[in-house]
Amino acid sequence: MRGKRSKQYRKLMEQFSMTFGFREPYQVLVDAEMVKDANKCTMDLAARLQSTVHGKVKPLITQCEIRKLYADKDQPGGNAAIELAKTFERRRCGHHPDEYPKPLETIECLRSVVDPKSTGENKHRYVVASQNLDVRRMLRGIRGVPLIYIKRSVMILEPMADESVQIREREERRKFRAELKKTVGKRKREEKDEGADNGDHSESDDEDGDRRKATQAPTTEKKPKKHRGAKGANPLSVKKKKPQQTPKKETDKKPETAASDTKAKRKRRKKTKSENATAPGASEPAAAAPSNAGGES
Ligand SMILES: [Zn+2]
């Protein structure tokens, strides 16, 4: 279990390095609660961070967070927490006591440090170790932030947040395409396009099939593919034939179904008769004819 998780974390940090440019030593921002909790379960915080991210780390603590530790100095374990925090590099967050008599909430302080310009990017490539769920939730919304917390004396590296995963996948697809273009020519690209357009198989296959027929008639290996293309073409051609066939049938029927024509002629004759009948009485034969026809049918 432990080995499995370790493997997972190594892979995860590799992905962060590949996609977001993380490098050793990893800068890990720790919050006041993280320092306290690590001390509570007698955890060597720096060493455990190092083994979790599988690389050298540089733990950092913001001015606001260390002020919180000083504020809790008199509580049990308060001094030990301060001593531990002193071993970490201080990250100037700019929330000076003159301006902020009370230290900022962890969520506010870390947001300003991780994403100073609110662009949704982890500008300085910080790893964040925070015991506050709301803080971690906020940081999941910023792209490429590895998140660490302690649960029951176990240090956990969160799986990549959805948005970061999407960026990673996009990046991988882009690299994959770039490599394909390098290694193989147009043919591979065409095949890839076919694979991508799974939904519209019939049309794209037909077009490709036609092209192959025109260009690559002599090759024997690709003949089955052509046949598949031809099969794909059939449904379309059938669709096209349907409208074509019906007019053909009509043309065929024309000589055969002379009776229907004569019927039509008879109707016309009737109309003319009715016209003739009404002609002497009514002055509008054209209007009378359609009304009679409607009545007959
Ligand atoms: Zn601050």
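Residues numbered from 1 in each chain as written. Predicted model: local features only at pLDDT ≥ 70, side-chain atom pairs only at ≥ 80, totals over all residues. Heavy atoms only, no water.

Evaluated as defined, the whole model comprises 14 salt bridges. With its nearest N and O atoms 3.4 Å apart, the salt bridge here joins R111 to E108. With R111 and E108 both in helix α6 (residues 106–114), this residue pair falls three residues apart, about one helical turn. E108 sits in the partly exposed class, given a relative accessible area of 38%. For D134, the salt bridge is made with R137, and the minimal N-O distance between the two is 3.2 Å. A residue pair is termed a helical-turn pair when its members lie 3 or 4 positions apart in one helix, as D134 and R137 do in helix α7 (residues 133–140) at three residues. Given a relative accessible area of 45%, D134 falls into the partly exposed group. For R137, a relative accessible area of 46% translates into the label partly exposed. Three or more residues joined by partner-sharing salt bridges are found here, namely E33, K36 and D72. (Salt bridge = Lys/Arg side-chain N within 4 Å of Asp/Glu carboxyl O. Helix = DSSP H or I, 4+ residues; strand = E, 2+ residues; numbered from the N terminus. Buried < 20%, exposed > 50% of the residue type's maximum accessible area, 1.4 Å probe, protein only.)

Attention now goes to the packing of helix α1 (residues 2–20) against helix α8 (residues 162–183). Where α1 meets α8, the axes come as close as 10 Å, and the angle between the chain directions of the two elements is 65°. With respect to α8, the axis of α1 lies roughly perpendicular. Regarding α1 and α8, the two cross each other, and that crossing is left-handed. Residues Q15, M18, T19 and F20 of α1 form the contact with α8, whose own contacting residues are S164, I167, R168, E171 and K175. When its residues are assigned to classes, the contact of α1 with α8 shows three nonpolar, three polar and three charged. (Axes fitted to C-alpha atoms, helices over the stretch in contact; angles between N-to-C directions. Parallel < 35°, antiparallel > 145°, perpendicular 65-115°, else oblique. Left-handed = near helix turned anticlockwise from the far one by under 90°. Contact = heavy atoms within 4.5 Å. Nonpolar A, V, L, I, M, F, W, Y, C, P; charged D, E, K, R; others polar.)

Per the stated rule, a full pass over the model turns up two aromatic pairs. Ring centres of F16 and F20 lie 6.0 Å apart, and the angle between their planes is 40°; this geometry places the pair in the tilted category. One end of the pair, F16, and the other, F20, are both in helix α1, four residues apart, so they sit about a helical turn from each other. Each member of the pair, F16 together with F20, is buried. Ring plane angle 75° and centroid distance 5.6 Å describe the contact between F16 and F22, whose orientation is recorded as edge-to-face. Of the residues examined, F16 reaches a relative accessible area of 1% and is grouped as buried. Among the aromatic residues, those joined into a ring-pair cluster are F16, F20 and F22. Sitting over the ring of Y149, R136 keeps its end group 3.9 Å from the ring centre. (Phe/Tyr/Trp six-rings, centres within 6.5 Å; stacked < 30°, edge-to-face > 60°. Lys NZ or Arg CZ within 6 Å of the ring centre and 35° of its normal.)

Turning our attention to the environment of S118. Inspection of the secondary structure puts S118 in the loop between α6 and β4 (126–129). Along the primary structure S118 and I142 are separated by 24 residues, whereas in three dimensions their C-alpha atoms are 8.9 Å apart.

Attention shifts here to the confidence of the model for the protein. On average, residues of the protein score 77 in pLDDT, and 62% of them reach the 70 mark or higher. Across residues 196–223 the pLDDT falls below 50, and counting only partners more than four positions away or on other chains, this stretch makes 23 contacts in the model. (pLDDT = per-residue confidence, 0-100.)

Note on sheets: strands pair through backbone hydrogen bonds, and any given pair is parallel or antiparallel. Read from one edge to the other, the open sheet built from six strands follows the order β3-β2-β1-β4-β5-β6, with strand pairing classed as mixed. Pairing within the sheet leaves two strands with one partner each, and these edge strands are β3 (89–91) and β6 (154–157). Taken over all neighbouring pairs, the strand axes of this sheet differ in orientation by 30° on average, direction set aside. Of the pairings in the sheet, the one linking strand β5 (residues 147–151) to β6 comprises four bridges and is antiparallel in character. By the bridge assignment for β6, K151 is matched with V154. Against the sheet, α1 touches β1 (26–30), β4 and β6, its axis set at about 35° to β6. Sheet strands in contact with helix α4 (residues 63–71) are β1, β2 (57–62) and β3, and its direction is about 70° off that of β2. (Pairing = 2+ DSSP bridges.)

In this section: the coordination of the zinc ion. Looking at the zinc ion, one finds its protein donor set to be C64 (SG), C93 (SG), H95 (ND1) and C109 (SG), positioned 2.0 to 2.3 Å from the metal centre. The coordination sphere of the zinc ion comprises four donor atoms, whose angles at the metal cover 96 to 115°; the geometry is tetrahedral. In primary-sequence terms, the residues that donate to the zinc ion follow C-x28-C-x1-H-x13-C. The class of C93 is buried, set by a relative accessible area of 12%. (Donors = N, O, S within 2.8 Å, 3.2 Å for Na, K, Ca; no water. Tetrahedral: all angles 85-135°; square planar, octahedral: opposite > 155°, others 65-115°.)

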